Amino acid sequence: MEPRAEVPVRSVALERQKDPADWFYLPSWKRTVPPRAAVAAPLRWLVFADARGLGDALARRLTEAGHTVHTVRPGDDFRAADDGTYEVAPARAETYAALLAALTEGGARPDRVVHLWSVDDAGGALEDVESSQDAGFFSLLFLAQALGGQGAGGPVHLTVVSTGVQSITGHEPLQPAKATLLGACRVLPREVPGLTCQSLDVEPPEDGAALERAVARLLPEVLGPAADGAVALRGAWRWAQDFEQVRLDAPAADAAPRLRERGTYLITGGLGGIGLVLAEHLARRVQARLVLVARTALPEPAEWEGWLASHGEEDAVSRRIRQVRALEALGSEVRVFQADVADLARMEDVLRRARECFGELHGVIHAAGIPAGGLAQLRTRQAVGDVFGPKVRGTWVLHTLLRDTPLDFLLLCSSRTAFTAEPGQVDHCAACAFQDAFAHWRATQGGTPVVSLGWDTWREVGQAVSTALPDAARGMREGMLASALSSAEGVDVFERVLAQLPAHVVVSTQDLPAAIARSATFLQDLMGSSEPEAAQAPGAAPSNLDEVEGALADIWRRLLGIERVERHENFFDLGGNSLIGLKVIGEVKRRFGVALPVVALFENPTLGAMARMLAHPEQEAPKHADRRGRGAKRREQMQQRRQPGR
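A. Quick look at the overall build of the protein. Counting its secondary structure elements, the protein contains 22 helices and 17 strands. Residue burial in the protein is summarised as follows: out of 646 residues, 54% are buried. Taking all contacts inside the protein whose residues are at least 6 apart in sequence as the whole, residues at least 24 apart take part in 76%. A total accessible area of about 27,600 Å² is found for the protein, and carbon and sulfur atoms account for 50% of it.

B. How the structure looks around helix H18 (residues 545-560). Between its first and last C-alpha, H18 extends 22 Å over 16 residues, near the 22 Å set by a 1.5 Å rise per residue. Three or more residues of H18 are buried, namely Val548, Glu549, Ala551, Leu552, Ala553, Ile555, Trp556, Leu559 and Leu560. Downstream of H18 by a residue or two, Gly561 has a phi angle that is positive, lying close to 70°.

C. Here's a closer look at the side chain of Gln175. Residue position: Gln175 is located in the loop between strand E7 (156-163) and helix H4 (181-191). Its relative accessible area of 15% is what places Gln175 among the buried residues. Those residues in contact with Gln175 that sit more than four places away from it in its chain are Asp120, Asp121, Ala122, Gly123, Thr163 and Gly164.

D. Region of the structure containing the packing of aromatic side chains. One pass over the structure, following the stated rule, counts 17 aromatic pairs. Between the aromatic rings of Phe78 and Tyr86, the centroid separation amounts to 6.0 Å while the plane-to-plane angle is 20°, which identifies the pairing as stacked. For Phe78, a relative accessible area of 24% gives the class partly exposed. A residue is classified by how much of its surface remains accessible, and Tyr86, at 11% relative accessible area, is buried. The positively charged end of Arg31 is found above the aromatic ring belonging to Trp237, 3.6 Å away from the centroid. Across from the ring centre of Phe138, 4.3 Å away, lies the NZ or CZ of Arg381, which sits over that ring.

E. Representation of the state of the cysteines within the structure. Tallying each qualifying case throughout the model produces zero disulfides. With no disulfide of its own, Cys197 lies 3.6 Å from the sulfur of Cys185, the closest cysteine sulfur. In this structure Cys432 is a free cysteine whose sulfur lies 7.3 Å from that of Cys429, the closest cysteine sulfur available. The buried category is assigned to Cys432, whose relative accessible area is 0%.

F. The pairing of E7, seen in detail. The buried count for E7 comes to eight of eight residues, which makes it a mostly enclosed element. Burial of the side chains of E7 extends over both faces: Val156, Leu158, Val160 and Ser162 are buried on one face and His157, Thr159, Val161 and Thr163 on the other. In the sheet, strand E6 (residues 112-118) pairs with E7 via five bridges, with the strands oriented parallel. Considered in E7, the bridge of His115 is made with Val160. Remark: the E7/H4/strand E8 (residues 195-202) crossover connection has right-handed handedness.

G. Geometry of the pattern of salt bridges. All told, the structure shown has 35 salt bridges when counted by the stated rule. Across the pair Arg260 and Asp408 runs a salt bridge, and its minimum N-O distance is 2.8 Å. You can see Arg260 sitting in the loop between strand E10 (237-246) and strand E11 (264-268) and its partner Asp408 sitting in the loop between helix H10 (381-402) and strand E15 (409-415), a full 148 residues away along the chain. The partly exposed category is assigned to Arg260, whose relative accessible area is 39%. Given a relative accessible area of 18%, Asp408 falls into the buried group.

H. Quick look at the packing of helix H3 (residues 126-149) against H10. The N-to-C vectors of H3 and H10 enclose an angle of 140°; their axes lie 11 Å apart at closest approach. The angle between H3 and H10 places the two elements in the oblique class. Remark: the crossing between H3 and H10 carries right-handed chirality. Residues Leu126, Val129, Glu130, Gln133, Asp134, Phe137, Phe138, Leu141 and Phe142 of H3 form the contact with H10, whose own contacting residues are Arg381, Val384, Phe388, Val392, Arg393, Trp396 and Val397. Grouping the amino acids of the contact of H3 with H10 by side-chain chemistry returns eleven nonpolar, one polar and four charged.

I. Broad picture of the environment of Arg564. Mapped onto the secondary structure, Arg564 falls in the loop between H18 and helix H19 (578-592). Take Arg564: its relative accessible area is 44%, and that puts it in the partly exposed class. Residues Arg564 and Asp554, spaced ten residues apart in sequence, show a C-alpha to C-alpha distance of 8.9 Å. Looking at Arg564, its side chain comes within polar contact range of the side chain of Glu566, at 2.4 Å.

Rules used in this analysis
Residues numbered from 1 in each chain as written. Predicted model: local features only at pLDDT ≥ 70, side-chain atom pairs only at ≥ 80, totals over all residues. Heavy atoms only, no water. Helix = DSSP H or I, 4+ residues; strand = E, 2+ residues; numbered from the N terminus. Buried < 20%, exposed > 50% of the residue type's maximum accessible area, 1.4 Å probe, protein only. Contact = heavy atoms within 4.5 Å. Areas by Shrake-Rupley, 256 points an atom, 1.4 Å probe, with all protein chains shown as cover. Expected span 1.5 Å × (residues − 1). Phe/Tyr/Trp six-rings, centres within 6.5 Å; stacked < 30°, edge-to-face > 60°. Lys NZ or Arg CZ within 6 Å of the ring centre and 35° of its normal. Disulfide = S-S within 2.5 Å. Pairing = 2+ DSSP bridges. Right-handed = clockwise from strand over helix to strand, strands pointing away. Salt bridge = Lys/Arg side-chain N within 4 Å of Asp/Glu carboxyl O. Axes fitted to C-alpha atoms, helices over the stretch in contact; angles between N-to-C directions. Parallel < 35°, antiparallel > 145°, perpendicular 65-115°, else oblique. Left-handed = near helix turned anticlockwise from the far one by under 90°. Nonpolar A, V, L, I, M, F, W, Y, C, P; charged D, E, K, R; others polar. Polar contact = N/O pair within 3.5 Å; in protein donor to acceptor, adjacent residues only side chain to side chain.

Structure, rendered in structure tokens:
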């Protein structure tokens, strides 16, 4: 087996830093030496070849060195040629599964994969931003799904080669549409056992001589130790990503204000938690004229009194009406427009109406977002598209419509998750990586200052608080929120960042490199953290169906925090989610000695189906068997018992 690099973990306690000025980090780069080749024997390689010819040249050099190399090109379906080359449809997951099945059947399951489809140009139009995801993010996601779907098959190291993704010198021709691939590179190794992934950003070769030099630079990288990380090659130098802690002090009392008295500010996600907190701050601070954009419509203002009179205190629309009225009571004029920020025509209409009301805009806060959640193994194009909509397409829509508007600032609400890359956040991580890259690109264009602010978790509002979780997962959330930002601290961070307007800054109340290192071990800790009540002796694992079902029921009851589970009840109807499912798989491995692929529970979600799979592994269970959802009523009863006052 080839050697695997150890990832250094900084021995910094994950304590909350007391001084808010110490919560800020600039992603930066440091010079490093090329890695020494770590490959001691010929390996099996899979090269996703680009149109520039870099992948083909690399494949030739590897073949000459005695390695077995198969190349893959984009096509409209899966095809296998006699010369060992393949085609897959970049946007269709099933073609990647067919590719891995064919390679495995032929004894050529890869040890190393080099993905170069993001070397090719992405284009700069709105349509190009979306179409480039097929060759980048979705290709990597579907490849990882195909690898993970096969279960244990030995370690695989993935090198993702790109151009125009990383800003090192500040002068590179950036292509932010490709940057979503960073989310895949950062999260997939956290979720797929045995997978490591390095992002390698290079300069595009312009001619044959430059291409040969680029291949010579690539060889030590792809032959080096199998480790995660981000590297960039610029000129003669090799750069590795690092983080520089910077102090952002509170603005001095006599500093020139960034916010204008009675200025006009548009906030997308304006009725969401963070959007409303910042709207309230603008109202208090400068009696701003506020344009709040939300996906959910409010009744016309003339209908508000009637609505409040006919709906209860807990009604969501009533709550939003009262929140808007509170902003007006602080001296603001407020207009609420219903729109999906990813809808170009609708946002064009919103801006027209906003200008009719208040004149030109002075600043924009892009806080719209949709909660992510779910392991990469289970993510579909539709689910990812929902998360990408506001942050990827929505950011580009705002850029398209406001590029000629002289704003004081455009603030993008990104997330620390872009770097901590927690499991279950692959699409959110990718979308935030896009916003970060977009801000760097805009910095090279001049004009409106664009800031990508990588927020830490908020304690009182935001997706981490509003996302529903079962009882069994609440402990994880409480631990995460212990060091999170209060709303007052979030406003303070906003003021400090607005005073400096860095293109990209990450907020972390804890030491950021240490938080990233902790995230790298999260999945391993999760799957090994809940020990069985009684250790099972070697060779004593239950084998008949009744014993297996009883042992499995014990695991489910303990991890879901319920008293009873029946054969036909669905794990997810009982309150389970992806992360608790991983704990189940971890305990199954210890209890039964079986290493299940991540999808096993999701394809056999009832107690009976999973027990049959464990008792009779030689019989392939039909996918989605026994999904009769009899736990739905139980879930409703459990949720009622959890409500306050019950």
